[in-house]
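Here is how the chains run, residue by residue.
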Amino acid sequence: MTFVDIPVEIRTKVSISVDGEAVDVFEGDTILDACTKAGKITPVVCYGPTVTPVNACRVCVVELEGSRTLVPSCSRPVEEGMVVKTDTERVGHSRKMVLEFLATSSDVTQSNDIMGWLGDYGADLDRYDPETTERMTDEVKIEDDLYIRAYDRCVLCYKCVEACGEDAQWTFAIAMSGRGFNNRISTEFDVALPDSACVYCGNCVAVCPTNALQFKTEFDLRKMGDWRPEDQTVTRTVCSYCGVGCNLDLHVQDNQIVKVDSPMDHSITSGNLCVKGRFGYQYVQNRPTK
Amino acid sequence: MPEIAVTAATPTEAERSAVADSVVLQDPGQISFDAAGPALTFDGDRIARGGQERIFNRRHLLLPVLHDVRDAIGWLSEGAMNEIATTLQVPPAEVYGVASFYELFTFEAPTAPDALHVCDDTACRIQGANELKGELAAGGHNVHGSPCLGLCEQAPAVFVQRTGEAHVSVRSATKDSVLAALDGAMTTPVAPVPQAGEDLTLLRRVHNAAAVDYDGYVATGGYEALAKAVSMSPAEVVTHVGNAGLTGRGGAAFPTGFKWSAVAAEPGPRHLVVNADESEPGTFKDRVLMEHDPYSLIEAMTIGGYAMGAEQGWIYIRGEYPEATRSLQSAIAEARSMGMLGDDVGGHNFRFDIELRLGAGAYICGEETALLNSIEGYRGEPRNKPPFPTTNGLFGQPTAINNVETMVNVNQIMLLGGEGYAAIGTEKSTGTKLFCLSGHVARPGVYEVDYGATLRDVIALAGGPVGSLTSILMGGAAGSFIGTDMLDVPLTIEDSREHGFSLGSGVVMLLNDTVDYHDFVARIAQFFREESCGQCVPCRVGTVRQGESLLRIREKGAPIEQERRMLDDFALVMKDASICGLGHTASGAILSAIDLGLIGGRS
Ligand SMILES: Cc1cc2nc3c(=O)[nH]c(=O)nc-3n(C[C@H](O)[C@H](O)[C@H](O)COP(=O)(O)O)c2cc1C
Ligand code: SF4
Ligand code: SF4
Ligand code: SF4
Ligand code: FES
Ligand code: FES
């Protein structure tokens, strides 16, 4: 018989000030956690609850007393006595500019969050002359029947890379390639997905904030103008393929499964699935054809 | 880690043996330090290792192996990268992600085996670089435009990246001299230091050809500083560096003593990394030191290793510095054979050795944390700070990173003592400083003066301007233009700051009334656009947008007020919200050019 030491987590309380209000959080929490606790709504793009923050988008920045530059709230751990400001002109400016930069470079129209923040922060996209403003113009990659990659929608948030790599899948089929504005998420040598190391777990699709990665079912329905989230039902069930017991959320439109995901806060999956649970649902809806 | 899955492409025999040779060549003895963190013992029996450890063990060989394969074959094919992926156990998508980050690697069979990287950056641009580039391209050569090659005092410059042969830099290049290099002509660097005399300290050996050999170095006072250092305790050495008031010469002017004592206070193993990536347009001082006085850097590093208890030293040199690389390679080998590097340095009872690593064409790898990632075999993307390298540096271990010139000053501090050194220069800017004079100046080159000399003094040393001076670019692309009204400002950290500019890496580029400033400033914008790592949104997009704004001013006659508002908005978000110094400084030169009325006119 082996005994396992179950570590008792002792978390030290840390008190910081957010916009003049004292907030108690725990050591190891981030400024973002404290802001959320103080009731602030912070825009985030590259942050996700299930992936390690790479703090690349910088839309979540806040003012921190004593720091020359703004700091990314999503990845800065709290320290006792920090004085944080979120409602200043400087913070507003940087957030607005990051949003303008995102929206003038990529097609963010399928991200409800970003579209909402553009309005909230007063982004002015009209001042960018379309003729001289370079965008990502990649053609959509349709290489199989499971999911598509539309990198003209990509905001290079690294979330899919993290999900494919150390945060979930450990497959490392995609990575950032190139440099600067030519950065692209890419398979090895940019080969087509079926030729790459991809195992089609779809965990990258699940974390993509802009729908650059999209299930083929959704992509096809959108193309036909028939993607209707408001008419969809979501049914939670348990995957029947193996003993892990992942929770599945089946998104159903017109009595057809159109998307499968798993709750991000689920203790087993953290939103991740394998190819069987994610894509192996056809048998459920093989109805006799008359 | 699952098995590495690669695509169907297979390497050729030549590629396979290039990879194998390279892995064997990476001198295993040099890379063995027992690490508390990711295990990093690379001692030859690599096949026996498994799992995580195996991967951490070999990842840091990625960049050296990519170099070796490119140099043997001329480019990186899918099959070659698959072979590298399986040999080093790095996922192929990451091999490609890392390789495609660097300018010196290409992924299609080239039209000619040797690539010509023709500098078309600031100083070369005003000395006919574009014409030279056009001529060479017309001749059917494999020509690439290049950012500053660190040879601005001998503009125009070309880096000849050969295949199967040693790389060469061609200085004061003409079509003929470039063709000769393609035929195998080598370059013997000539010290571009018009100053001479006894009062030079950092530059005292650059005219002494014998000093590039061990005996010549020792005969000119070499290793006296180390003898002084080991007569003290390591902590005393650190104290002297602190008392000397030495500040970083890489651009940020951070007090070196703070850095060293922070690293010394951390538990080992510790690293000392020298930043020889010198890629700031207009900067070439470190190259001159390394080409002509390599031992002074090795000696200073050895003192640093002793002082901080760092057993492993690293030099990260830019890939476009072939002559400086060869000079350091032979000096390191000779120092090792003389027992001045290794398990018992000079019989002084401490271990220190140096590993030389080559960059591959990426300005951003000069940023200290990007540099660390590059050595570790990752993309040269800066890390978020904190934590700082002093606690979490190379392989997560405590690391001091210093510029070449900063390091070499340590010898002088040992010889003079901290207080003695602090007596040179001004109260806040101590010691001597190297300035890189280029552009429209009579005798371009590296000049050494005490901190506190005025800009006018330094320009006079270099024989004065050529033509009618209209502005001076201080600190390089990351610096700013200043007007001729600043000539009497003493060149110190405090005075320059007070006058709104920065000495940065010591660039003093003179520009006269023949300069097409629109074109010149557009090249600076292009530099930042191409050199941004692209990791964070403010800089990845901001550097592109500011270039577009300049284009509108120049080619579409867009109203300057309107573009200026946009440029200010871009500048502020880059300054406030970018991750690293590249984004923070990417708009300074452009805005200063508008402020001075050099572009856009003052309406
Ligand atoms: C984009 C960028 C490029 C840099 N390039 C260099 C370089 O080529 N050489 C260098 O010594 N420092 C460079 N630095 C500064 C380094 O980050 C670091 O501050 C320096 O190496 C520390 O050494 P020092 O204190 O001796 O100056 C660069 C910084 C940035 C942001
Ligand atoms: S594809 Fe999606 S998840 Fe991946 S980097 Fe782009 S926006 Fe982020
Ligand atoms: S999704 Fe995959 S891992 Fe999860 S229960 Fe189904 S088959 Fe098992
Ligand atoms: S500021 Fe620019 S170079 Fe620095 S991390 Fe951000 S994108 Fe990369
Ligand atoms: S959400 Fe914090 S940097 Fe992207
Ligand atoms: S070498 Fe060409 S600008 Fe420096």
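Predicted, not measured: the structure shown is a model, and the values here were computed from it.

## Thoughts on the overall build of chain A
- In terms of regular secondary structure, chain A is built from seven helices and 12 strands.
- Taken over the C-alpha trace, chain A has a radius of gyration of 21 Å; the compact-globule value for 290 residues is 19 Å, and the two agree within 12%.
- Taken over the C-alpha atoms alone, chain A extends approximately 70 × 70 × 40 Å along its principal axes.
- Within chain A, buried positions represent 53% of all 290 residues.
- A separation threshold of at least 6 residues defines the contact pool for chain A, and within that pool the share at least 24 residues apart is 54%.
- Working note: accessible area of chain A is about 13,900 Å², and carbon and sulfur atoms make up 50% of it.
- Charged side chains in chain A number 29 positive and 44 negative. The centres of these two groups are separated by 1 Å.

## A short note on the overall build of chain B
- On a plain count of helices and strands, chain B comes out with 24 helices and 13 strands.
- In terms of overall dimensions, chain B is globule-like: its C-alpha atoms have a radius of gyration of 23 Å, near the 25 Å expected for 603 residues.
- Its C-alpha atoms give chain B principal-axis dimensions of roughly 70 × 60 × 45 Å.
- Evaluated residue by residue, chain B yields a buried proportion of 61% over its 603 residues.
- Of the roughly 20,000 Å² of accessible surface on chain B, 52% is carried by carbon and sulfur atoms.
- The average position of the 44 basic charges and that of the 75 acidic charges among the side chains of chain B differ by 4 Å.

## Some words on the site of ligand 2
- Near ligand 2 you find 13 residues, and of these A:C154, A:V155, A:C157, A:C160 and A:C208 are the closest.
- Of the residues assigned to the shell around ligand 2, the class counts are 12 nonpolar, one polar and no charged.

## A word on the environment of B:S77
Residues and elements named next belong to chain B.
- Summarising the element assignment, S77 is placed in the loop between α3 (62-73) and α4 (78-88).
- In this structure S77 comes out as buried when scored by relative accessible area, which is 8%.
- Sequence separation of S77 and E15 is 62 residues, and the distance between their C-alpha atoms is 8.8 Å.
- Within the structure, the side chain of S77 is placed 3.0 Å from the backbone nitrogen of A80, a separation counted as a polar contact.

## Some details on unusual backbone geometry
- Backbone torsion omega between B:G268 and B:P269 reads -5 degrees, so that peptide bond is classified as cis.
- The topology assignment puts B:P269 in the loop between α12 (256-265) and β5 (271-276).
- One non-glycine residue with positive phi stands out, namely A:Y200, at about 55 degrees.

## Focus: the interface of chain A and chain B
- In this assembly, 50 residues from chain A lie in contact with 54 residues from chain B.
- The junction of chain A with chain B conceals about 4,300 Å² of combined surface from both sides, 57% of it contributed by carbon and sulfur atoms.
- The three residues of chain A that bury the most area against chain B are A:F101, A:R179 and A:F189, which together make up 21% of that side's buried surface.
- Our count for the contact surface shared by chain A and chain B stands at seven salt bridges.

## Brief notes about the sheet that holds strand β12 (residues 256-261) of chain A
All names here are of chain A.
- Ordered by their spatial adjacency, three strands build an open sheet running β10-β11-β12, and the pairing between neighbours is antiparallel. With partners counted over all chains shown, the strands left at the sheet margins are β10 (233-238) and β12, one partner each. Across the sheet, the mean angle from the axis of one strand to that of its neighbour is 30 degrees, orientation sign disregarded.

## Re the site of ligand 4
- Close to ligand 4 lie 13 residues; B:C533, B:Q535, B:C536, B:C539 and B:C580 are nearest.
- When its residues are assigned to classes, the shell around ligand 4 shows eight nonpolar, five polar and no charged.

## Some remarks on helix α20 (residues 517-531) of chain B
Residues and elements named next belong to chain B.
- Between the first and last C-alpha of α20 there are 21 Å, a value that for 15 residues agrees with the 21 Å anticipated at 1.5 Å per step.
- Those residues of α20 that fall on the buried side of the exposure criterion are Y517, F520, V521, R523, I524, A525, F527, F528 and E531.
- Residue D516 occupies the N-cap position of α20, its side-chain oxygen lying 3.2 Å from the main-chain nitrogen of H518.

## Some points on the pairing of strand β9 (residues 432-439) of chain B
Residues and elements named next belong to chain B.
- Summarising burial for β9: eight of the eight residues are buried, a large majority.
- Two elements, β9 and strand β10 (residues 445-450), share six bridges in a ladder whose sense is antiparallel. Note on β10: the bridge partner recorded for T432 is D450.
- A loop of five residues connects β9 with β10, the two strands running antiparallel in sequence.
- Two strands pair when backbone bridges link them, and β9 and strand β13 (residues 507-512) are joined in this way by four bridges, in the parallel orientation. Looking at β13, one finds that S438 is bridged to M509.

## Observations regarding the domain arrangement of chain A
Residue and element names in this part refer to chain A.
- Each assigned domain of chain A is listed with its residue range as follows: domain 1 (12-135) and domain 2 (147-285).
- Centre-to-centre separation of domain 1 and domain 2, based on C-alpha positions: 26 Å.
- Across the boundary between the two partners, domain 1 contributes 20 residues, which contact 19 residues of domain 2.
- Roughly 1,600 Å² is buried in total at the junction of domain 1 and domain 2, and carbon and sulfur atoms are behind 56% of that figure.
- Looking at the side of domain 1 facing domain 2, the largest losses of area belong to T50, D107 and Q110, adding up to 37% of the total buried there.
- At the boundary of domain 1 with domain 2, the tally comes to one salt bridge.
- At the junction of domain 1 with domain 2, the criterion picks out nine residue pairs in polar contact (both at pLDDT 80 or more).
- Taken together, the residues of the side of domain 1 that touches domain 2 break down into nine nonpolar, eight polar and three charged.

## Examining the packing of helix α11 (residues 234-243) of chain B against helix α14 (residues 294-308) of chain B
Residue and element names in this part refer to chain B.
- In contact at an axis separation of 7 Å, α11 and α14 are set at 120 degrees when each is read in the N-to-C sense. It follows that α11 is oblique to α14 by the angle criterion. In the crossing of α11 with α14, the sense of the turn from one axis to the other is left-handed. Within the contact between the two elements, α11 uses P234, V237 and V238 and α14 uses I303, Y306 and A307.
- Class assignment for the residues of the contact of α11 with α14 results in six nonpolar, no polar and no charged.

## Structural notes on the packing of aromatic side chains
- Throughout the structure, instances matching the rule amount to 21 aromatic pairs over all chains.
- Plain terms: the ring middles of A:W170 and A:F172 are 5.7 Å apart, the flat faces sit at 85 degrees to each other, and that makes the pair edge-to-face.
- On the basis of relative accessibility, which here comes to 8%, the residue A:F172 falls in the buried class.
- Centre to centre, the rings of B:Y214 and B:Y295 are 5.9 Å apart; their planes meet at 70 degrees, and the pair counts as edge-to-face. Taken together, the residues span a long stretch of sequence, with B:Y214 in helix α9 (residues 214-219) and B:Y295 in helix α14 at a distance of 81 residues.

Procedures and definitions
- Residues numbered from 1 in each chain as written.
- Chains lettered and ligands numbered in written order.
- Predicted model: local features only at pLDDT ≥ 70, side-chain atom pairs only at ≥ 80, totals over all residues.
- Heavy atoms only, no water.
- Helix = DSSP H or I, 4+ residues; strand = E, 2+ residues; numbered from the N terminus.
- Rg over C-alpha atoms; globule rule 2.2 N^0.38 Å.
- Buried < 20%, exposed > 50% of the residue type's maximum accessible area, 1.4 Å probe, protein only.
- Contact = heavy atoms within 4.5 Å.
- Areas by Shrake-Rupley, 256 points an atom, 1.4 Å probe, with all protein chains shown as cover.
- Lys, Arg positive; Asp, Glu negative; His and termini not counted.
- Charge placed at Lys NZ, Arg CZ, Asp CG, Glu CD.
- Near = heavy atom within 4 Å.
- Nonpolar A, V, L, I, M, F, W, Y, C, P; charged D, E, K, R; others polar.
- Polar contact = N/O pair within 3.5 Å; in protein donor to acceptor, adjacent residues only side chain to side chain.
- Buried area = accessible area lost by both parts, 1.4 Å probe.
- Salt bridge = Lys/Arg side-chain N within 4 Å of Asp/Glu carboxyl O.
- Pairing = 2+ DSSP bridges.
- Axes fitted to C-alpha atoms, helices over the stretch in contact; angles between N-to-C directions.
- Expected span 1.5 Å × (residues − 1).
- Domains from an automatic or database assignment.
- Parallel < 35°, antiparallel > 145°, perpendicular 65-115°, else oblique.
- Left-handed = near helix turned anticlockwise from the far one by under 90°.
- Phe/Tyr/Trp six-rings, centres within 6.5 Å; stacked < 30°, edge-to-face > 60°.

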